[in-house]
Amino acid sequence: MKTFRNVADEGLRYLAASALALGIDFGVYSGLIRLAAVHYLVAAPIGFGLGLATIYVLSVRWVFGQRRLADARAEFALFALIGLAGMALNQLVVYAGVDRLALSYELAKLVSAAIVFGFNFILRKSLLFTRY
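In this report, we go over the structure that sits alongside the text. Within each chain, residue numbers correspond to sequence positions counted from 1 in written order. Note on the predicted model: pLDDT of at least 70 is required for a residue's local features to be given, and 80 or more for side-chain atom pairs to be given and counted; whole-chain, interface and lining totals, by contrast, use all residues. Neither water nor hydrogens contribute to the side-chain values; these are computed over all heavy atoms in the structure.

**Some details on a nonpolar patch on the surface**
Formally: For patch building, the residue pool is restricted to those with more than 30% relative accessible area and no salt bridge; the joining distance is 9 Å between like charges and 5 Å between nonpolar side chains (Val, Leu, Ile, Met, Phe, Trp, Tyr). Surface accessibility in these figures is a Shrake-Rupley result with a 1.4 Å probe; residues are shielded only by whichever protein chains are displayed. Salt bridge, as used here: a side-chain nitrogen of Lys or Arg that lies within 4 Å of a carboxyl oxygen of Asp or Glu. Only DSSP runs of H or I covering at least 4 residues are called helices, and only runs of E covering at least 2 are called strands; the numbering of each starts at the N terminus.
There is a patch of nonpolar side chains on the surface, built from Leu20, Ile24, Val42, Ile46 and Leu50 and spanning about 400 Å² of accessible area. Mapped onto the nonpolar patch, the elements with two or more residues apiece are helix 1 (2-36) and helix 2 (40-63). Per element, the largest residue contribution to the nonpolar patch is three residues, and it comes from helix 2. In this fold, Ile46 is placed in helix 2.

**A word on the packing of helix 3 (residues 72-100) against helix 4 (residues 105-127)**
The line we're drawing: Under this scheme, a helix contributes an axis fitted over its contacting stretch, all axes are lines through C-alpha atoms, and angles between N-to-C directions fall in the 0 to 180 degree range. Oblique is the label for any angle not under 35 degrees, not over 145, and not in the 65 to 115 range, which are roughly parallel, roughly antiparallel and roughly perpendicular in turn. By the definition used in this description, the sense in which the near helix is turned from the far one sets the handedness, with an anticlockwise turn below a right angle giving left-handed and a clockwise turn giving right-handed. Here, residues are in contact when the closest pair of their heavy atoms is within 4.5 Å. Residues are grouped as follows: Ala, Val, Leu, Ile, Met, Phe, Trp, Tyr, Cys and Pro are nonpolar; Asp, Glu, Lys and Arg are charged; all remaining types, including Gly, are polar.
One way to put it is that helix 3 packs onto helix 4 with a least axis distance of 8 Å and a crossing angle of 155°. In terms of their interaxial angle, helix 3 and helix 4 are classed as roughly antiparallel. The interaxial crossing formed by helix 3 with helix 4 has right-handed handedness. Between helix 3 and helix 4, the residues in contact are Leu78, Phe79, Ile82, Gly83, Ala85, Gly86, Leu89, Asn90, Val93, Val94, Gly97 and Val98 and Tyr105, Ala108, Lys109, Val111, Ser112, Ile115, Val116, Phe119, Asn120, Leu123, Arg124 and Leu127, respectively. A class-by-class count of the residues in the contact of helix 3 with helix 4 yields 16 nonpolar, six polar and two charged.

**Considerations on the pattern of salt bridges**
Enumeration over the complete set of coordinates arrives at six salt bridges. The partner of Arg34 in a salt bridge is Glu106, with the nearest N and O atoms 3.0 Å apart. Pair noted here: Arg34 is in helix 1 and Glu106 is in helix 4, with a separation of 72 residues, a long-range link.

**Details of the nonpolar core**
To keep things clear, this is the line we draw: As used here, the term nonpolar core means buried Ala, Val, Leu, Ile, Met, Phe, Trp, Tyr and Cys residues forming a set that is joined through side-chain atoms within 4.5 Å. Only protein chains enter the area calculation, which uses a 1.4 Å probe; residues under 20% of their type maximum are buried, those over 50% are exposed, and those in between are partly exposed.
Of all hydrophobic cores here, the largest spans 14 residues; its most connected members are Tyr14, Ile55, Val63, Phe64, Phe79, Leu128 and Phe129. Mapped by element, the contributors of at least two residues to this core are helix 1, helix 2 and helix 3. Of all the elements, helix 2 adds the most residues to this core, at five residues. Discounting residues that sit within four places of it in the chain, Ile55 has contacts with Tyr14, Ala17, Ser18, Ala21, Phe79 and Arg124. Membership of the second largest hydrophobic core comes to eight residues, among which are Tyr40, Ala43, Ala44 and Val98.

**Focus: the packing of helix 2 against helix 4**
Between helix 2 and helix 4, the shortest axis-to-axis distance is 13 Å and the interhelical angle comes to 40°. Between helix 2 and helix 4, the crossing angle belongs to the class labelled oblique. Relative to helix 4, helix 2 is oriented so that their crossing is right-handed. In this structure, helix 2 contributes Tyr40, Phe48, Leu52 and Ile55 to the contact, and helix 4 contributes Tyr105, Lys109, Val116 and Arg124. Tallied by class, the residues present in the contact of helix 2 with helix 4 amount to six nonpolar, no polar and two charged.

**What to know about the packing of aromatic side chains**
Rules: When the centres of two rings from Phe, Tyr and Trp lie within 6.5 Å, Trp using its six-membered ring, the rings pair. Their planes under 30 degrees apart give stacked, over 60 give edge-to-face, and anything left gives tilted. Should the NZ of a Lys or the CZ of an Arg lie within 6 Å of a ring centre and within 35 degrees of the ring normal, that charge is described as sitting over the ring.
With the rule as written, the count across this model stands at eleven aromatic pairs. On the basis of an interplanar angle of 10° and a centroid distance of 6.5 Å, the ring pair of Phe117 and Phe121 is categorised as stacked. Of this pair, Phe117 and Phe121 both sit in helix 4, four residues apart, roughly one helical turn. For Phe117, a relative accessible area of 26% gives the class partly exposed. Put simply, the rings of Tyr14, Tyr56, Phe64, Phe76, Phe79, Phe117, Phe121 and Phe129 pair up and form one aromatic cluster. Here the basic side chain of Lys109 rests over the ring of Tyr29, its NZ or CZ set 5.5 Å away from the ring centre. One residue, Arg124, lies across the ring of Phe79, its end atom 3.7 Å from the ring centre.

Right, dumping it as structure tokens:
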């Protein structure tokens, strides 16, 4: 059961790190929309990119105990590709929430955050932060 506990511990740390990254992402997203009149589909990837940088640093320094790739550049490239897929999923969910379901910008972003969190954790854990 040690493996399950390790994954659960990493999951909790990833949740905390993601909450910080989401705070940065959401603050930038909402601030750009509400304070700078930036279109929500432009604001979303800007906030997401800053959140991505935050979660990467926390993932390699605090969240995960093992790293599959020895080459940090290759690791970051794959981490970023997963992030880009997550960003695409984010854009799709935010668009659907705002334009199709008439959710507020913020509620659509929170729905997206929950979906993208699961997507990112599963892929990052299985592809980057585990032994072979």
